[in-house]
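Examining the three-dimensional arrangement
Residues per chain, in single letters:
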Amino acid sequence: MDLTTALDARDATVCVVGAGGKKSTLFALADRLDRAVVTASVRIPIFDDRVAAVRVTENPVAALDEAGGGDWPLGLVPERDRSDRYLGYDTATVAEVADAAPGATLVKADGARLREFKAPGEREPQIPSNADVVVPIASAHVVGEPLTDDLVHRPEEVAAITDREVGSEIRPADVATVLASPAGGLKGVPSGATAIPIVNKVDDDADAAAARAVAGEILHRADVPRVLLTRLIAGDPVVEVVE
């Protein structure tokens, strides 16, 4: 199963949350979809080199109307925050973009400070009400590592969701518990949207075994159609689909 099919992404509004592959998911989808829009409801690192064009505008719907054939995939952001990142739009504006877009709208909907695993903060995620697909992500590389802020964004929140201690070894069940939790990866998913989790950075057999264990636990805990095991930087990013 290819990535766009596995994520039900064609002509959809897809929001990515979590850690360990959000931007890679956005750009992998953008490369494979016709006339895709890449945007954000939170801060996003500069990504001009990953899309055909970026428009910095307070009127993204007008920018869509003006887009030419060479502008796709098109990045839309409201303003530059500093030298290395853009701000994101509010969720109502992202919803308007999604309604006006000619193809898929791909949205970064929370932040992780370059960590591999996370739990959402009080004001996260920022998901538009018309989202079709929400993709909670974690990296397989955290399995077996300590639950600390070296690899985990908000380890205290992860510990609260999993009933574990900060500093304890992260198990597949812990990753699954967070991704499958309404306080974790499923937080804020609109009632009409489908959640399709990803376990990314499946780089070798050990990662694959850990990711399969995570996927099995997620399917046991949450009503999701499938879990993707991915290596999103690869030419064929889907390693396995667990249903």
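Cut-offs applied
- Residues numbered from 1 in each chain as written.
- Predicted model: local features only at pLDDT ≥ 70, side-chain atom pairs only at ≥ 80, totals over all residues.
- Heavy atoms only, no water.
- Helix = DSSP H or I, 4+ residues; strand = E, 2+ residues; numbered from the N terminus.
- Contact = heavy atoms within 4.5 Å.
- Phe/Tyr/Trp six-rings, centres within 6.5 Å; stacked < 30°, edge-to-face > 60°.
- Buried < 20%, exposed > 50% of the residue type's maximum accessible area, 1.4 Å probe, protein only.
- Axes fitted to C-alpha atoms, helices over the stretch in contact; angles between N-to-C directions.
- Parallel < 35°, antiparallel > 145°, perpendicular 65-115°, else oblique.
- Nonpolar A, V, L, I, M, F, W, Y, C, P; charged D, E, K, R; others polar.
- Pairing = 2+ DSSP bridges.

Following the sequence through the fold, Ala119 ends up in the loop between strand E9 (117–118) and strand E10 (133–139). For the pair Ala119 and Val17, spaced 102 residues apart in sequence, the C-alpha separation works out to 9.6 Å. Once you skip the residues sitting within four places of it in the chain, Ala119 turns out to touch His153, Arg154, Glu157, Val158 and Ile161.

This part covers the packing of aromatic side chains. Tallied over the full model, the rule gives two aromatic pairs. Here Phe47 and Tyr86 contribute two aromatic rings whose centre-to-centre distance is 6.0 Å and whose plane-to-plane angle is 80°, an arrangement assigned as edge-to-face. Here Tyr86 lies in strand E7 (residues 85–86) and Phe47 lies in the loop between strand E3 (44–45) and strand E4 (53–56), a separation of 39 residues in the sequence. Here Phe47 and Tyr86 have matching classes, each one buried.

Take the packing of helix H5 (residues 155–162) against helix H6 (residues 172–179) next. Relative orientation of the contacting elements H5 and H6 amounts to 95°, with a least axis distance of 9 Å. With respect to H6, the element H5 is oriented roughly perpendicular. Here Val158, Ile161 and Thr162 of H5 lie close against H6, whose contacting residues are Asp174, Thr177 and Val178. Along the lines of polarity and charge, the residues of the contact of H5 with H6 split into three nonpolar, two polar and one charged.

Here strand E14 (residues 227–230) shows a buried face lined by Val227 and Leu229 and a second buried face lined by Leu228 and Thr230. Sheet topology places strand E13 (residues 198–200) next to E14; two bridges connect them, and they run parallel. In the strand pairing of E14, Val199 is matched with Leu229. Here E14 runs beside strand E15 (residues 238–242); their pairing, made up of four bridges, is antiparallel.

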